[in-house]
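Remarks on the overall topology
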Amino acid sequence: MSALFNRVALIGIGLIGSSIAHAARRGGLAGEIVGTARSKETRETALRLGVVDRIADTAAQAVEGADLVILCIPVGAIGIVMEEIAPSLSKGTIVSDVGSVKGAVIAQALPHLPDGVELVPAHPIAGTEKSGPESGFAELFDGRWCILTPLPQSDLDAVARTRAFWEGLGSHVDVMDAAHHDRVLAVTSHVPHLIAYSIVGTASDLETVTQSEVVKYSASGFRDFTRIAASDPTMWRDVFLTNKEATLEVLGRVTEDLFALQRAIRWGDGDALFEHFSRTRAIRQGIVDAGQDTADADFGRGKGEKPLAGE
Ligand code: NAP
């Protein structure tokens, strides 16, 4: 079977870039995988680990002759990298990305997109709290969703080929518009991460509880928040700066609901608390039933397994 793409260029070889490289190899999706990263250190590590077939020193060199280019970098860096690679992109090339916010990616990329080059943004709903070229693994996308947010004017063949690539990496693929994506992800990912960042910071600031007790008794719920709150600071800074409106809208709703729970506790309204907690338990069961997590008490991570989904 011939590869879907002759040459895939990965700009950024962190968790997501290196996982794409491993999974593309496993699926035989690319004739050659070329990678590059901002720092020499990451480029050398990726080369030493054999993550990609070839390393280029610059993003412009990496995209030369590539028929698929995937930007695996923080959302805030998309514009500057697009500006750098634009003159080296060939006609017919598909440019995609993996950014966690889609409206901002399109806004930054479109002004630099040369004629005859197709933009098909993508967001794999899969990840861990780890970063860097050592953290990737081929199974990351297996059974996880990848959302494509093509533009109304996107070439249908380019969208179909990008879909086939992600399916080859092991994902299920959905297509939606970027604004809708950003609202959905604000609810399912961005605000939950913000809450984790907030609660972990609060717990460590509380003067009544010593730092050592926070760590010692962390298995009582706090520990699961700390995994999310250990996610990459650069990536998440960019997510909140670029998905500002949707995040603030959802955060407003969460704050209202938190006040409702606070009120129920204050007034001893056990029925309201019980009803709320029963509803959320059913949501958790729905996620397990959909195969998006395991029912194990430790989420299946006890035996050194990787978390099923982060991001
Ligand atoms: P990562 O492990 O930190 O890797 C980021 C890569 O981008 C590194 O190779 C880094 O190079 C490069 N880079 C960083 N800043 C750059 C800049 N200004 N210009 C050029 N290259 C730059 O991050 P990741 O987790 O793979 O995330 C990459 C993208 O995937 C982000 O847009 C994120 O929103 C998205 N995403 C992440 C997850 C997740 O769970 N982590 C899930 C889905 C989507 P150096 O190493 O040389 O600095």
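The present account deals with the structure reproduced in this document. As the structure is a prediction and not an experimental result, all values here were calculated from the model. (Residues numbered from 1 in each chain as written. Predicted model: local features only at pLDDT ≥ 70, side-chain atom pairs only at ≥ 80, totals over all residues. Heavy atoms only, no water.)

Another point: the overall build of the chain. Regarding its fold elements, the chain presents 12 helices and nine strands. What you see for the chain is a C-alpha radius of gyration of 21 Å, in line with the 19 Å of a compact globule of 311 residues. Seen along its three principal axes, the alpha-carbon backbone of the chain occupies a region of about 65 × 40 × 35 Å. Burial statistics for the chain: of 311 residues in total, 44% are counted as buried. Carbon together with sulfur atoms contributes 57% to the accessible area of the chain, which is approximately 16000 Å² in total. Side-chain charges of the chain comprise 29 positive and 41 negative groups, with the mean position of each set lying 3 Å from the other. (Helix = DSSP H or I, 4+ residues; strand = E, 2+ residues; numbered from the N terminus. Rg over C-alpha atoms; globule rule 2.2 N^0.38 Å. Buried < 20%, exposed > 50% of the residue type's maximum accessible area, 1.4 Å probe, protein only. Areas by Shrake-Rupley, 256 points an atom, 1.4 Å probe, with all protein chains shown as cover. Lys, Arg positive; Asp, Glu negative; His and termini not counted. Charge placed at Lys NZ, Arg CZ, Asp CG, Glu CD.)

Turning to the nonpolar core, a few remarks are in order. With 37 residues, the main nonpolar core has Leu10, Ile20, Ile70, Phe141, Phe165, Trp166 and Leu169 as its most contacted residues. Only strand 1 (5–11), helix 1 (15–27), strand 2 (30–36), strand 4 (68–71), strand 8 (145–148) and helix 6 (156–168) provide two or more residues apiece to this core. Sorting elements by how many residues they give to this core places helix 1 first, with six residues. Each residue touching Leu169, except ones within four places of it in the same chain, is listed here: Ile20, Ala23, Ala24, Arg26, Leu29, Ala138, Phe141 and Asp142. Residues Val63, Ile106, Leu119 and Ala178 belong to the second largest nonpolar core, which totals 30 residues. (Core = buried A, V, L, I, M, F, W, Y, C linked by side-chain atoms within 4.5 Å. Contact = heavy atoms within 4.5 Å.)

Below, the discussion takes up the sheet that holds strand 1. The pairing of strands in a sheet comes from backbone hydrogen bonds and takes either a parallel or an antiparallel form. Spatially, six strands are ordered 3-2-1-4-5-6 in an open sheet, and the strand pairing comes out parallel. This sheet does not close on itself; its edge strands, each paired only once, are strand 3 (54–55) and strand 6 (118–119). Across two bridges, strand 5 (residues 94–97) lies against strand 6 in parallel orientation. Considered in strand 6, the bridge of Ile94 is made with Glu118. In the packing of helix 6 onto the sheet, contacts are made with strand 1, strand 4, strand 5 and strand 6, and the angle to strand 5 comes to roughly 50°. (Pairing = 2+ DSSP bridges. Axes fitted to C-alpha atoms, helices over the stretch in contact; angles between N-to-C directions.)

To continue, consider the packing of helix 1 against helix 6. Between helix 1 and helix 6, whose axes approach to 9 Å, the crossing angle comes to 90°. In terms of orientation, helix 1 lies roughly perpendicular with respect to helix 6. Here Ile20, Ala23, Ala24 and Gly27 of helix 1 come into contact with helix 6, specifically with Phe165, Trp166 and Gly168. For the contact of helix 1 with helix 6, a count of residues per class yields five nonpolar, two polar and no charged. (Parallel < 35°, antiparallel > 145°, perpendicular 65-115°, else oblique. Nonpolar A, V, L, I, M, F, W, Y, C, P; charged D, E, K, R; others polar.)

In this fold, Gly132 is placed in the loop between strand 7 (122–124) and strand 8. Given the relative accessible area of 17%, Gly132 is considered buried. Remark: the alpha-carbon pair of Gly132 and Asp115, spanning 17 residues in sequence, is separated by 33 Å.

Let us look at the packing of aromatic side chains. If you walk through the whole model with that rule in mind, you get four aromatic pairs. Look at Phe165 and Trp166: their rings are 6.4 Å apart centre to centre, the planes differ by 85°, and that puts the pair in the edge-to-face class. Among the aromatic residues, those joined into a ring-pair cluster are Phe5, Phe141, Phe165 and Trp166. (Phe/Tyr/Trp six-rings, centres within 6.5 Å; stacked < 30°, edge-to-face > 60°.)

Of all residues adjacent to the ligand, which total 27 residues, the nearest are Arg38, Ser39, Thr42, Ile73 and Ser100. One of the backbone nitrogen or oxygen atoms of Gly132 is found 2.8 Å away from an oxygen atom of the ligand. Considering the ligand on its own, with 900 Å² of exposed area, one finds that the protein chains cover 87% of that surface. Mapping the ligand onto the cavity grids shows that it belongs to the second largest pocket. When residues of the shell around the ligand are traced back to their parent elements, those giving at least two are helix 1 and strand 7. Split into classes, the residues belonging to the shell around the ligand amount to 14 nonpolar, 11 polar and two charged. (Near = heavy atom within 4 Å. Polar contact = N/O pair within 3.5 Å; in protein donor to acceptor, adjacent residues only side chain to side chain. 1 Å grid on protein atoms, 1.4 Å probe; cavity = no way out; pocket = protein on both sides within 12 Å on 5 of 7 lines; lining within 4 Å. Sits in = over half its atoms within 2 Å of the grid points.)

What follows covers the side chain of His181. In this structure, His181 sits in helix 7 (residues 178–205). What makes His181 buried here is its relative accessible area of 0%.

With that settled, the discussion passes to a nonpolar patch on the surface. A grouping of Ile195, Ile199 and Phe225 is seen on the molecular surface, where their side chains present a nonpolar patch of about 220 Å² in accessible area. For Ile199, the location among the structural elements is in helix 7. (Patch = residues over 30% accessible without salt bridge, like charges linked within 9 Å, V, L, I, M, F, W, Y side chains within 5 Å. Salt bridge = Lys/Arg side-chain N within 4 Å of Asp/Glu carboxyl O.)

Moving on, we come to the sheet that holds strand 8. Strand order in this open sheet of three strands is 7-8-9, and the pairing throughout is mixed. At either margin of the open sheet sits one strand with a lone partner, and together these are strand 7 and strand 9 (172–175). Between one strand axis and the next, the sheet turns by 20° as a mean value, whatever way the strands run.

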